[in-house]
There are 2 protein chains.
Amino acid sequence: CRDHTHIPYTFDEYIHRIRRFHGYAAPGLILGGKMVSMALDRLDESILFDSVCETAFCLPDAIQMLTLCTTGNGWLKVVPLGRFALSLYDKLNGSGFRVHIDSAKINAWPEIKAWFYKLKPKAEQDNDRLHEEMATAGENLFSVQTIRMQPAFLEKREVGPTADCPICHEAYPVRHGRICRGCQGSAPYR
Amino acid sequence: CRDHTHIPYTFDEYIHRIRRFHGYAAPGLILGGKMVSMALDRLDESILFDSVCETAFCLPDAIQMLTLCTTGNGWLKVVPLGRFALSLYDKLNGSGFRVHIDSAKINAWPEIKAWFYKLKPKAEQDNDRLHEEMATAGENLFSVQTIRMQPAFLEKREVGPTADCPICHEAYPVRHGRICRGCQGSAPYR
Ligand SMILES: [Zn+2]
Ligand SMILES: [Zn+2]
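Analysis parameters
- Residues numbered from 1 in each chain as written.
- Chains lettered and ligands numbered in written order.
- Predicted model: local features only at pLDDT ≥ 70, side-chain atom pairs only at ≥ 80, totals over all residues.
- Heavy atoms only, no water.
- Pairing = 2+ DSSP bridges.
- Helix = DSSP H or I, 4+ residues; strand = E, 2+ residues; numbered from the N terminus.
- Axes fitted to C-alpha atoms, helices over the stretch in contact; angles between N-to-C directions.
- Contact = heavy atoms within 4.5 Å.
- Least-squares fit on C-alpha atoms with pLDDT ≥ 70 in both.
- Donors = N, O, S within 2.8 Å, 3.2 Å for Na, K, Ca; no water.
- Tetrahedral: all angles 85-135°; square planar, octahedral: opposite > 155°, others 65-115°.
- Buried < 20%, exposed > 50% of the residue type's maximum accessible area, 1.4 Å probe, protein only.
- Buried area = accessible area lost by both parts, 1.4 Å probe.
- Salt bridge = Lys/Arg side-chain N within 4 Å of Asp/Glu carboxyl O.
- Polar contact = N/O pair within 3.5 Å; in protein donor to acceptor, adjacent residues only side chain to side chain.
- Nonpolar A, V, L, I, M, F, W, Y, C, P; charged D, E, K, R; others polar.

- Chain A has the name Trehalose-binding protein in an unreviewed UniProt entry, where Desulfosarcina alkanivorans is given as its organism.

## Digging into the sheet that holds strand E1 (residues 49-53) of chain B
Residue and element names in this part refer to chain B.
Move 1: What the five strands build is an open sheet, ordered E2-E1-E3-E4-E5; its pairing is mixed. On the outer flanks of this sheet lie strand E2 (76-78) and strand E5 (142-148), each paired with one strand and no other. Neighbour-to-neighbour, the strand axes of the sheet open up by a mean angle of 20°, direction not taken into account.
Move 2: Note that E1 and E2 share three bridges and pair parallel. Note on E2: the bridge partner recorded for Cys-53 is Val-78.

## Side note on the sheet that holds strand E5 (residues 142-148) of chain A
Residue and element names in this part refer to chain A.
Move 1: Spatially, five strands are ordered E2-E1-E3-E4-E5 in an open sheet, and the strand pairing comes out mixed. Each edge of the open sheet carries a strand with a single partner, namely strand E2 (76-78) and E5. Each neighbouring strand pair of the sheet contributes to a mean axis angle of 20°, computed without reference to strand direction.
Move 2: Summarising the sheet, strand E1 (residues 49-53) and strand E3 (residues 85-90) pair through five bridges and their orientation is antiparallel. Each bridged residue has a counterpart across the sheet, and for Phe-49 the counterpart in E3 is Asp-90.
Move 3: Each of E1, E3, strand E4 (95-101) and E5 touches helix H2 (residues 27-42); the most contacted strand, E3, lies at about 25° to it.
Move 4: Taken strand by strand, helix H3 (residues 59-66) contacts E1, E2 and E3, and its axis lies near 160° from that of E1.

## Let's talk about the relation of the copies chain B and chain A
Move 1: With an RMSD of 0.0 Å, the fit of chain B onto chain A corresponds to turning through 180° and sliding 0.0 Å along the axis. Overall, the copies show the geometry of a two-fold rotation axis. Among all residues of chain B, the minimum C-alpha distance to the rotation axis is found for Thr71(B), at 3.6 Å.
Move 2: Here 100% of the contact residues of chain B are again contact residues in chain A; the copies associate through an equivalent surface.

## Topic: the coordination of the zinc ion (ligand 2)
Residues and elements named next belong to chain B.
Move 1: Protein ligation of the zinc ion (ligand 2) involves Cys-165 (SG), Cys-168 (SG), Cys-180 (SG) and Cys-183 (SG), the donor distances falling in the range 2.3 to 2.4 Å.
Move 2: Taken together, the four donor atoms coordinating the zinc ion (ligand 2) and their angles of 106 to 117° define a geometry best described as tetrahedral.
Move 3: Mapped onto the sequence, the donors of the zinc ion (ligand 2) take the spacing C-x2-C-x11-C-x2-C. Here Cys-168, found in the loop between strand E6 (162-164) and strand E7 (171-173), pairs with Cys-180, found in the loop between E7 and helix H7 (182-186); they are twelve residues apart in sequence, far enough to count as distant.
Move 4: The exposure class assigned to Cys-168 is partly exposed, which follows from its relative accessible area of 23%.
Move 5: Classification of Cys-180 as buried rests on a relative accessible area of 0%.

## Observations regarding the pairing of strand E4 (residues 95-101) of chain B
Residues and elements named next belong to chain B.
Move 1: By the criterion of burial, E4 is predominantly enclosed, with six of the seven residues buried.
Move 2: Where strand E3 (residues 85-90) folds back onto E4 in an antiparallel hairpin, the turn is made up of four residues, including Gly-94, whose phi is positive at roughly 80°.
Move 3: Strand direction decides the pairing type here: E4 and E5, joined by seven bridges, are antiparallel. By the bridge assignment for E5, His-100 is matched with Ser-143.

## Regarding the interface of chain B and chain A
Move 1: Counting residues at the interface gives 61 residues for chain B, matched by 61 residues for chain A.
Move 2: A combined buried area of about 5,000 Å² lies between chain B and chain A, and 54% of that area is made up of carbon and sulfur atoms.
Move 3: On the chain B side of the interface with chain A, the three residues burying the most area are Arg83(B), Pro188(B) and Tyr189(B), jointly 15% of the side's total.
Move 4: The tally of links from chain B across to chain A stands at four salt bridges.
Move 5: Of the charged contacts, one joins Arg98(B) and Glu170(A) as a salt bridge, the two residues approaching to 2.8 Å between their closest N and O atoms.
Move 6: Scanning the region where chain B abuts chain A turns up 34 residue pairs in polar contact (both at pLDDT 80 or more).
Move 7: Breaking the side of chain B that touches chain A down by element, the ones donating at least two residues are helix H1 (11-22), helix H3 (59-66), E4, E5, E6, E7 and H7 of chain B.
Move 8: If one sorts the elements of the side of chain B that touches chain A by residue count, H1(B) sits on top with four residues.
Move 9: Of the residues contributing to the side of chain B that touches chain A, the split by class is 29 nonpolar, 18 polar and 14 charged.

Okay, here's the thing in structure tokens:
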């Protein structure tokens, strides 16, 4: 695969990068690299693009590793539709490309199919064969479609005015209410 | 600041890394590096830790750059409480450390205060002075507290069984219903 600056990665180089960022060589992230590359190849080089990922599992990290779209800058959004698909699109007009894993094409690759549909326990998964099938399959596991994002989805995120919460004294967005959401009881810790 | 493997970064090295990952030297990410370091310094080295970030703006990327917690592996979760705070905690028992920007301490740093509370337009922001104040302030902008995560928050995320959607023919989690969420109308594109 390759990144947004056209730096190409061999299969092994990319797996090395995955380990450093994601912690382990997740198969979904290996496929994700090819998917990001396929979308990048189709985008006009002159545009600024944002991205949407339809699953929170693995795939967002392929986007974060190979483009400048991240969770923290908001150029990557995860919309949890549960499908193994990602889109890169023009930040201004919303037109772009969606790449998804294609159920019809996956049938040609038994080890990929077994992993993707969890047809056998992880302990029985043959990782060497899985990687070999992924390297051989290349782009032949995916389909691409053109998309246009809904206008509401293109709006820039804004924090708006902030103030100090009268209870915890930390700054928070005033639109959340009279006290911050943490003090409203939404904090996941004690 | 430093990362989870104890590699230290000078102020300028870290800003260079921010630009490559996040696209531009966001002030929130500069502060975030120090916050992650402060939490790492307090965690027992022998544990596996997860993280929670209380804002989706900038700060999640400091965690992703300096630890192995990412959006895609689920070891980073964003809980949008709107507070500039992050926590690293023991994946198993939920005990850990929360670091937040401290409204009382920020008063000593006029340029940081002006940026954080958006007291002047971005065009009038003096970036050199802002960076200088951040480098000088170091840890003296933040407070740390011990936390314990709610048990429900520690549960491992699972996709569960998947099947091909009868409409789009893509794989999706069966628990989403008879058809996938995309085909239910939740896709943000046409
Ligand atoms: Zn509060
Ligand atoms: Zn569907």
